[in-house]
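In case you want the letters, here they are:
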Amino acid sequence: MSLKFMKHPVKVVLAGCLSMAFYAQADIKIGVAGPFSGPNATYGAQYWKGASQAADDINAAGGINGEKIVLVQGDDACEPKQAVSVANRLVDQDKVMAVVGHFCSSSTMPASEVYDEAGVLAITPGSTNPQITERGMKTMFRMCGRDDQQGAIAADFIIDKLKAKKVAVIHDKDTYGQGLADATKAALEKRGVKEVLYEGLSRGEKDFNALVTKIGAVKPDVVYFGGCHPEAGPLVRQMREQGVNAAFFSGDCIVTEEMVTAAGGPQYTKGVYMTFGNDPRTIPDGKAVIEKFRASGFEPEGYTLYAYASVQAIAAAYKAAGKDNAKASDWLKANSVDTVMGKKAWDGKGDLKVSDYVVYQWDDKGKYHQL
């Protein structure tokens, strides 16, 4: 399918069934795009659970000006080419008005070009690369912070709390992972700490023993890793197995209990640090929704509530400005929205006006706690 489009008019799409546990006219279609397969599928599941519950709750309360939300899933597997295909399909075939997605920044970057060309409103719950909102796209937003904000918090903690003098910086060569590592490296350098090692590994690898030998040779106080849990887990395990006991620090892409599984048990993840937003499960605004998730046997960890809040923001914009994405985008940049994660507001770029990154640490039972 061609990557070049004519702009698509925003319109009500009347179709049969879809989404949730009922049949309804497809009044307002919203795509939910992310990794529903592959090693990062846990985050796609979080997106879908959050967005689905939000759509159910909004529909039960009367929908958006009386019209129902219908969700359409798009699996990009965190692969950029697949993300472009998904974006094309959501725009051309499914005729979505808005998109909640994507997850990996390397997918969000090219997919957002498709949405921008089509005039589709897009909110990413979890893509943190700064360039996503630095390209002047009028309908692109995020419900999370940026890597330059996340990296600064990590660097301050590494220097002020861990008193580290020697830091090894490792990344996964991906837009997200390397971007986060570079942002942290820059923040460390700004405070006078130059990395003693800067190396990349490849997503999908499991044997990092040669890299661990390099890490061990420079005797770092902290190993900072930019990447996700499928690689972070084996890396920290192999470090510990080789006697490299440096503190291990990473970012928001290891915020899943699957990090423990990937590492081989809590004995390897004990003490690992990571940055993530202030735990949305502790915010009073989301208490009723969180209880609903837990009653169904699902723990809304990671980006579940970020996806829920993204649907809330889209709904609020359409309720206030009508189903015109240009007007809806302008409205979001001029107004705050009450969400399950508290009140959210955006600047002219589509970034949150307030970022709330904090540091967490994993314990010996395979759970993480805010410090």
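Calculation criteria
- Residues numbered from 1 in each chain as written.
- Predicted model: local features only at pLDDT ≥ 70, side-chain atom pairs only at ≥ 80, totals over all residues.
- Heavy atoms only, no water.
- Buried < 20%, exposed > 50% of the residue type's maximum accessible area, 1.4 Å probe, protein only.
- Helix = DSSP H or I, 4+ residues; strand = E, 2+ residues; numbered from the N terminus.
- Arc of directions from axis to C-beta.
- Contact = heavy atoms within 4.5 Å.
- Pairing = 2+ DSSP bridges.
- Right-handed = clockwise from strand over helix to strand, strands pointing away.
- Polar contact = N/O pair within 3.5 Å; in protein donor to acceptor, adjacent residues only side chain to side chain.
- Phe/Tyr/Trp six-rings, centres within 6.5 Å; stacked < 30°, edge-to-face > 60°.
- Disulfide = S-S within 2.5 Å.
- Axes fitted to C-alpha atoms, helices over the stretch in contact; angles between N-to-C directions.

> Tell me about helix α10 (residues 287–295), and name the residues and values.
Taken residue by residue, α10 has Val 289, Ile 290 and Phe 293 as its buried positions. Looking straight down α10, one finds its buried side chains confined to an arc of 100°; they lie on one side. Residues of α10 that are exposed and point more than 90 degrees away from the buried face comprise Lys 287, Ala 288 and Ala 295. Residues of α10 that are buried sit in contact with α1 (41–60) and α11 (304–321).

> Explain the pairing of strand β7 (residues 197–200) residue by residue, including any values.
Look at any regular strand and the pattern is simple: side chains alternate between the two faces of the sheet. In this structure, strand β6 (residues 167–171) lies alongside β7, joined through 4 bridges in parallel fashion. Residue pairing across strands places Val 169 opposite Tyr 198, the latter belonging to β7. In the classification by handedness, the crossover that spans β6, the intervening helix α5 (residues 175–190) and the parallel β7 is right-handed.

> Tell me about the side chain of Asp 351, residues and numbers included.
When you line up the elements, Asp 351 lands in the loop between β12 (342–344) and β13 (357–362). Polar contacts involving the side chain of Asp 351 include one to the side chain of Thr 133, which spans 2.8 Å. Each residue touching Asp 351, except ones within four places of it in the same chain, is listed here: Thr 133, Arg 142, Arg 146, Ala 345 and Trp 346.

> Could you give an account of the packing of aromatic side chains, with specific residues and numbers?
Scanning all chains against the criterion turns up 17 aromatic pairs. Measuring from ring centre to ring centre gives 5.9 Å for Phe 157 and Phe 249, while their planes differ by 70°; the resulting arrangement is edge-to-face. Of this pair, Phe 157 sits in helix α4 (residues 147–160) while Phe 249 sits in strand β9 (residues 247–250), and the two are 92 residues apart along the sequence. What makes Phe 157 buried here is its relative accessible area of 14%. Taking the relative accessible area as the measure of exposure, Phe 249 reaches 0% and is therefore buried. Members of the aromatic cluster, each reached through a chain of ring pairs, are Tyr 43, Tyr 47, Phe 103, Phe 276, Tyr 303, Tyr 306, Tyr 360, Trp 362 and Tyr 368.

> Describe the state of the cysteines, and please don't skip the residues or the numbers.
Within the structure shown, the criterion is met by 2 disulfides. Within the protein chain, bonded cysteines paired by disulfides and numbered along the sequence follow the pattern 1-2, 3-4.

> I'd love a proper account of the sheet that holds β7, names of residues and values included.
On the basis of which strands lie adjacent, the open sheet formed by 7 strands has the order β7-β6-β8-β9-β10-β13-β14 and mixed pairing. Two strands bound the open sheet, and with one partner strand each, they are β7 and β14 (368–370). Here the strands of the sheet are splayed against their neighbours by 25° on average, with no regard to which way each runs. In terms of strand pairing, β6 meets strand β8 (residues 222–226) through 5 bridges, oriented parallel. When the bridges of β8 are listed, Ile 170 appears paired with Phe 225.

> Outline helix α12 (residues 325–334), supporting the account with residue identities and numerical values.
Those residues of α12 not exposed but buried are Asn 325, Ala 328, Ser 329 and Leu 332. Buried positions in α12, seen along its axis, are confined to an arc of 100° and lie on one side of it. More than 90 degrees from the buried face of α12, the exposed residues found are Lys 327, Asp 330 and Ala 334. Those residues of α12 that are buried are in contact with β4 (121–124), β5 (140–142), α11 and β11 (337–339). Capping of α12 at its N-terminal end is provided by Asp 324; its side-chain oxygen lies 3.0 Å from the backbone amide nitrogen of Ala 326.

> Quick one: what's the story with unusual backbone geometry, residue by residue and with numbers?
With an omega of -5°, the peptide bond running from Gly 101 to His 102 counts as cis. Positionally, His 102 belongs in the loop between β3 (98–100) and α3 (105–118). At Asn 65, a residue that is not glycine, the phi angle is positive and equals roughly 50°. Checked against the element boundaries, Asn 65 lands in the loop between α1 and β2 (69–75).

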